[in-house]
Amino acid sequence: MKKVSVQCRHVRLSYGSTEVLKDVDLDIEPGEFFALLGPSGSGKSTLLRLIAGFSRQQSGEVLIDGVDISAQPPWSRNIGMVFQSYALWPHLSVWDNVAFGLVERRVDRATVRHKVGAALELVGLSAFGDRRPNQLSGGQQQRVALARTIVIEPQVLLLDEPLSNLDKTLRVQMRQELLSMQRRLGLTTIFVTHDQEEAMTTADRMAVLDQGVVQQVGAPATLYDDPVNTFVANFVGTMNLLPGRVHAAGTPAATLQVDGVGDLPLPAQMSAPADERQMLGFRPQSLQMTDAGAARDPQWLWMSGRVEASEFLGEFTRYRVRVGPHSVAVDQTHHAGQHKFAVDGDVSLGLAPSQLRWLSD
Amino acid sequence: MNTPTAAAGGLQARPRPGRPVAAVGVRPGVWLAAALVLGFLLLFMVLPVGRVFYTAFVEADGTPTVGHFVAFFSQGLMKESFLNSLYVASVSSIFAALIAVPLAYFTVRFDFRGAILIQTLGVLPLIMPPFVGAVAMQLIFGRSGSLNLLLGEWFGVTLPIMEGLNGVIFVESIHYFPFILMNLTVALRNIDGAMEEAAMNLGCRGWRLFWRVIFPLALPGFVAGASLVFVKVFDDLGTPLVLGQTNLLAPQAYLRITQVGLEDPMGYVISVIMIVFSIAAMALSARVLKGRDYATTQKGGGSIRRRRLSPLGALAAYAWIGAVLLIVLSPHLGVLLLSLAQVWSFSPLPDAYTLAHYATVFQDSSGMIKNTLLYCSLAAGLDVILGVTIAYLIFRTTLPARQWLDWIATASLAVPGIVLAIGFLRLYKGITLPGTDTLLTSTWVMIMLAYAVRRLPYALRSCVAALQQVHVSLEEAAESLGATKLRTIRRVLVPLMAGGILAGFVTSFITAAVELSATILLTSAESQAPMSYGIYLYMQSVAGRGPGAALGVLAIVVVAIGTYLSHGVVERTQSRFAPSAKEAQA
């Protein structure tokens with residue numbers, strides 16, 4: 001089957017005076033597993049429904065395989081959608097649910113039987129054709145919804161929070177299944193979620209949306225390592241932020257006068273115009289922590305602080321360290337017998353120079 | 001995004017029936033209350049109906065037999081009545097569905113002002129009993145009625161709308177279609193919009209979308225409404241009698257009992273058949289509903305999305321609604337015209353107008369109006385007392401088998417008025433009031449009790465709903481402050497339930513005010529006749545039509561005011577609970 005691309009060009013949509021999508025531009029490659037990530041109200045579901053044809057943008061284009069489909073009604077788009085609630089019809093059996101789209105396409109009976117059988121087998125529910133949807137577990141319902149959608153061989157597959165109604169273990173398992181199925185079918189897939197872990201583990205690339213604006217598009221690691229702004233930085237993982245003013249004077253390099261703390265020497269690659277306010281960002285795991293009196297590695301940038309709280313999370317311990325007016329999260333990998341820092345103890349925090357980023361608001 | 005729905009769901013989680021307030025044994029007062037309720041239900045519902053069944057299955061000397069049923073089906077008239085009743089009830093249901101389904105679909109699907117009009121349409125017919133409008137309908141749609149006179153004049157054709165059984169079907173279907181409309185509208189509203197979108201996504205639209213997805217999902221609501229229409233029409237006595245169609249089951253039962261006598265077994269056979277059909281229709285709808293909880297709105301989902309109508313579509317919709325509105329309102333209009341008409345015969349509209357009929361009614365029938373007010377308020381009062389007691393016993397005590405009280409009380413829905421009346425007459429035959437020669441069955445108390453039994457399910461549902469809104473902790477707080485059970489009920493529970501109790505009272509009152517089938521058998525003297533009986537009596541003669549219609553208009557006014565009041569009370573009660581619901585969602 002031919003793999004197709006999906007493109008949004010300057011898509012704008014508002015309900016009354018509320019702007020839901022503001023000039024959205026996206027290029028989704030053929031065969032890609034693409035995630036739309038954002039908090040509720042960010043417009044991600046609206047964008048998905050717009051691609052499916054359930055709402056229409058006021059301006060801009062939606063191109064499938066290079067063709068603008070904006071004027072086409074949902075029933076002639078051949079875009080499959082799996083709904084958050086699954087939307088399985090309770091009055092039809094599992095088999096009839098899956099056969100629905102084929103019947104609408106006036107496919108002959110033998111083919112329907114063959115294709116529905118194959119689709120149910122693909123999702124491992126061959127034995128469940130006679131059941132009613134409400135006799136199935138959540139995970140099974142999810143599979144039926146998926147089978148019902150892929151049986152019509154859509155050009156594009158849309159998934160609206162497909163895993164949100166499942167419990168945690170099942171979610172991880174379904175995630176793997178979804179991904180392997182997508183790889184096998186080579187189907188361009190767009191996947192809406194508010195769960196960053198879900199997006200990062202599955203997506204080839206993802207777009208982070210906030211307030212109807214695409215904040216950043218890229219591979220999960222790119223967004224994690226080089227977020228363009230504080231929103232993306234905090235939505236994809238946790239980011240410590242230190243605001244301050246850059247002083248270019250003095251050698252060997254510039255310093256950042258962190259608000260309420262004092263000067264922090266900046267590594268050479270962190271150039272910034274002098275006398276500008278800047279936001280310095282770094283991840284909790286890019287810090288090393290030592291007791292206050294211990295020797296400091298001169299390659300790292302050091303600050304002093306006091307431990308406020310600690311949370312033991314198994315793989316690591318997350319400390320909250322007070323540095324002046326700021327609270328900094330510090331993750332220390334955990335091994336058996338490892339030194340623990342006491343709450344209210346004074347510590348030194350070392351920042352890995354290569355892990356520092358400037359962030360805009 | 002999911003939290004509000006989850007919170008709302010939590011709010012709706014009701015204390016399960018039988019949840020004990022305190023794990024102590026059942027108190028003597030509870031036993032007494034239960035015994036009184038059970039005594040009432042046995043004396044005025046179970047035993048009379050049981051007596052009807054018993055009489056249908058025994059010979060005069062008491063030996064069991066099915067001979068009466070064999071006799072029933074070997075009599076041509078009985079067989080014809082049976083088939084006619086089936087035919088009328090089925091065809092009325094179909095016509096009612098034809099009116100109601102498009103209207104329900106319009107309100108849910110389209111965003112237009114006509115929706116309010118339809119909501120009004122939905123209650124208008126119910127405020128007037130069908131037998132009141134029947135005569136007026138004959139004057140409008142009958143052989144020499146307004147419509148056919150005009151049609152004959154213009155096109156030389158006439159339509160046999162009111163001929164024979166057609167008339168019964170016509171009057172019944174335009175009267176009872178709201179049952180389908182209301183049930184179906186609720187069912188359609190509860191469909192998750194994603195159900196429809198999923199179908200559109202798979203290539204389905206238009207008519208196919210309606211028939212393959214939307215209607216099947218709303219089917220339980222439709223069946224509930226349609227079976228209600230079937231039962232109501234099957235049991236209706238007043239309309240066929242007023243229209244002179246006696247070859248139906250209910251009129252036959254009435255004629256047998258009143259003309260042949262209380263000993264004639266045919267009346268009992270018919271009663272049994274009517275109850276069996278009522279129960280069958282209700283069982284059918286319960287079966288359809290069972291396991292099909294199609295209230296599918298789910299997390300993050302809204303109902304079906306509304307569309308704006310195209311100008312042409314709006315025109316068509318308004319035309320359809322306008323036509324239905326005109327037909328639905330014609331009995332009301334007809335009764336009003338009739339009550340004001342000096343002479344109305346062989347002309348599209350009355351020849352002259354007068355207020356004389358109202359004067360007549362106030363002069364002759366003020367007793368009837370008083371009777372209606374007296375019987376109905378007593379019956380409705382009895383209903384809410386029973387309703388509150390039963391609700392309390394079910395939800396606040398650990399009384400064994402307490403659900404049975406609810407079931408028995410609700411079972412009276414399946415008992416047609418005429419059957420209950422026959423049961424009363426038979427069971428209490430020859431019993432006199434203590435110390436007098438007055439027969440029990442000749443007193444108005446019987447009429448009042450029949451009303452109370454038949455309307456009890458309505459009041460009970462209101463009281464149950466009201467009690468479920470009151471959290472147990474409110475009563476526990478009162479008890480911990482030293483109030484006894486009885487005082488807690490009086491000072492905390494009943495005031496909190498007041499809205500629901502009042503709504504239950506009004507519903508019982510207004511539906512009792514227009515009840516005819518039990519009234520007609522139990523009224524033994526004109527001095528005890530309520531309005532419904534008076535209307536029926538007047539309508540029997542051509543000269544009485546005017547005053548009958550005037551009395552009908554008064555009855556409509558009483559019922560309309562009651563409906564309006566109960567609506568207001570329910571709305572107010574709901575809005576009182578709304579703030580807490582909002583808090584829970586925030």
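Residues numbered from 1 in each chain as written. Chains lettered and ligands numbered in written order. Predicted model: local features only at pLDDT ≥ 70, side-chain atom pairs only at ≥ 80, totals over all residues.

Visitor: Any details on the overall build of chain A? Residues and values, ideally.
Guide: For chain A, the helix and strand inventory stands at 8 helices and 20 strands. Its C-alpha atoms give chain A principal-axis dimensions of about 80 × 50 × 35 Å. A total of 361 residues make up chain A; the buried ones form 38% of that total. Considering only contacts in chain A between residues 6 or more positions apart, those separated by 24 or more positions represent 65%. (Helix = DSSP H or I, 4+ residues; strand = E, 2+ residues; numbered from the N terminus. Buried ≥ 20, exposed ≤ 12 C-beta atoms within 10 Å, placed from the backbone. Contact = placed C-beta atoms within 7 Å.)

Visitor: Outline the overall build of chain B, supporting the account with residue identities and numerical values.
Guide: A tally of helices and strands in chain B yields 23 helices and 2 strands. In chain B, buried positions account for 47% of the 586 residues.

Visitor: Tell me about the sheet that holds strand β2 (residues 18-28) of chain A, and name the residues and values.
Guide: Residues and elements named next belong to chain A. A sheet is described by the order of its strands in space; here 4 strands give the open sequence β2-β1-β4-β5, paired in antiparallel fashion. At either end of the open sheet lies a strand with only one pairing partner, and these are β2 and β5 (67-68). Two elements, strand β4 (residues 59-64) and β5, share 2 bridges in a ladder whose sense is antiparallel. In the sheet register, Ile64 faces β5, and the bridge partner there is Val67. (Pairing = 2+ DSSP bridges.)

Visitor: Please give an account of helix α5 (residues 114-123) of chain B that cites residues and values.
Guide: All names here are of chain B. Those residues of α5 lying buried are Gly114, Ile118, Leu121 and Gly122. Burial along α5 is one-sided: seen end-on, the buried residues are contained in an arc of 105°. What points out from α5, more than 90 degrees from its buried face, is the exposed set Ile116 and Thr120. Buried residues along α5 sit against α4 (76-109), α8 (165-189) and α14 (311-340). (Arc of directions from axis to C-beta.)

Visitor: Got a sec to walk through unusual backbone geometry? Specific residues and values, please.
Guide: All names here are of chain A. For His10, which is not a glycine, the phi torsion comes out positive at approximately 50°. Within the secondary structure, His10 is located in strand β1 (residues 6-15). Looking at His10, the number of C-beta atoms within 10 Å reads 12, which means it is exposed. Of note, the phi angle at Ala87 is positive, near 55°, even though the residue is not glycine. Along the chain, the position of Ala87 falls in the loop between β6 (79-82) and α2 (94-104).

Visitor: So, the domain arrangement of chain B: which residues are in play, and what are the values?
Guide: All names here are of chain B. Domain annotation of chain B identifies domain 1 (21-58 + 358-577) and domain 2 (66-297 + 314-343). Taking only C-alpha atoms, the centre of domain 1 and the centre of domain 2 are 26 Å apart. Looking at the side of domain 1 that touches domain 2, the elements that each hand over two or more residues are α2 (28-56), α17 (417-427), α21 (517-522), α22 (531-539) and α23 (545-585). Tallying contributions element by element places α23 first for the side of domain 1 that touches domain 2, with 11 residues. Grouping the amino acids of the side of domain 1 that touches domain 2 by side-chain chemistry returns 25 nonpolar, 6 polar and 3 charged. (Domains from an automatic or database assignment. Nonpolar A, V, L, I, M, F, W, Y, C, P; charged D, E, K, R; others polar.)

Visitor: How would you sum up the packing of α17 of chain B against helix α18 (residues 444-468) of chain B? Please name residues and give values.
Guide: Packed helices, taken two at a time, are described by their axes: the angle between them and the distance between them. Residue and element names in this part refer to chain B. Axis separation between α17 and α18 bottoms out at 11 Å; the angle between their running directions is 135°. With respect to each other, α17 and α18 are oriented oblique. As for how α17 packs across α18, the hand of that crossing is right-handed. Listed contacts from α18 to Gly417, Leu420, Ala421 and Phe424 of α17 are Met446, Ala450, Val453 and Arg454. In the contact of α17 with α18, the residues fall into 6 nonpolar, 1 polar and 1 charged. (Axes fitted to C-alpha atoms, helices over the stretch in contact; angles between N-to-C directions. Parallel < 35°, antiparallel > 145°, perpendicular 65-115°, else oblique. Left-handed = near helix turned anticlockwise from the far one by under 90°.)

Visitor: I'd like to hear about the sheet that holds strand β11 (residues 240-247) of chain A, residue by residue, with values.
Guide: Residues and elements named next belong to chain A. The antiparallel open sheet is built from 5 strands, whose spatial order is β13-β12-β11-β14-β20. Bordering the open sheet on either side are β13 (262-265) and β20 (357-358), each of which pairs with just one other strand. Of the strand pairs in this sheet, β11 and strand β12 (residues 255-258) are connected by 4 bridges, and their pairing is antiparallel. By the bridge assignment, His247 is partnered in β12 with Thr255.

Visitor: Which residues make up the confidence of the model for chain B, and what are the values?
Guide: All names here are of chain B. The share of residues in chain B with pLDDT of 70 or more is 90%, and the mean pLDDT across the chain is 81. Counted against residues more than four places away or in other chains, residues 1-24, with its pLDDT under 50, gives 21 contacts. Overall, residues 577-586 carries pLDDT values under 50, and its contacts beyond four positions in sequence, including any with other chains, amount to 8 contacts. Two summary scores accompany this predicted model of the complex, namely pTM at 0.78 and ipTM at 0.76. (pLDDT = per-residue confidence, 0-100.)

Visitor: For the interface of chain A and chain B, give the residues involved together with the corresponding values.
Guide: Across the boundary between the two partners, chain A contributes 19 residues, which contact 23 residues of chain B. The set of elements that each furnish at least two residues to the side of chain A that touches chain B consists of β6 and α2 of chain A. By residue number, the principal contributor to the side of chain A that touches chain B is α2 of chain A, which donates 3 residues.

Visitor: Please give an account of the nonpolar core that cites residues and values.
Guide: Soluble, globular proteins show a tendency: their nonpolar side chains are buried together. Judged by nonpolar contacts, the single largest core of 247 residues is most densely connected at Ala100, Ile180, Ala450 and Cys463 of chain B. Tallying contributions element by element places α18 of chain B first for this core, with 16 residues. Non-local contacts of Ala450 of chain B, meaning those with residues more than four positions away in its chain, are made with Gly417, Leu420, Ala421, Phe424, Ala518 and Leu522 of chain B. Counting residues in hydrophobic clusters, the runner-up holds 20 residues, among them Leu266, Tyr319, Val330 and Leu351 of chain A. (Core = buried A, V, L, I, M, F, W, Y, C linked by C-beta atoms within 7 Å.)

Visitor: Go over the pairing of strand β18 (residues 326-333) of chain A, please, and point to the residues and values.
Guide: Residues in a regular strand project their side chains so that they alternate between the two faces of the sheet. All names here are of chain A. Where strand β17 (residues 316-323) and β18 come together, 8 bridges link them in antiparallel fashion. Opposite Arg320, over in β18, you have Ala329 as the bridge partner. The hairpin turn running from β17 into β18, its antiparallel successor, is 2 residues long, and Gly324 in that turn takes a positive phi close to 60°.

Visitor: Before we move on, can you summarise the environment of Phe83 of chain A with the specific residues and values?
Guide: Within the secondary structure, Phe83 of chain A sits in the loop between β6 and α2. When the C-alpha atoms of Phe83 of chain A and Leu159 of chain A are compared, they prove to be 6.6 Å apart, with 76 residues separating the residues in sequence. Once residues within four sequence positions are removed from consideration, Phe83 of chain A is found in contact with Ala145 and Asp160 of chain A together with Ala194 and Ala198 of chain B.

Visitor: Break down the pairing of β17 of chain A for me, with residues and values.
Guide: All names here are of chain A. The sheet contact formed by strand β16 (residues 301-312) and β17 spans 6 bridges and is antiparallel. Following the sheet pairing, Val307 is matched in β17 by Val321. Counted along the chain from β16 to the antiparallel partner β17, the turn is 3 residues long, and its residue Gly314 has a positive phi close to 95°.

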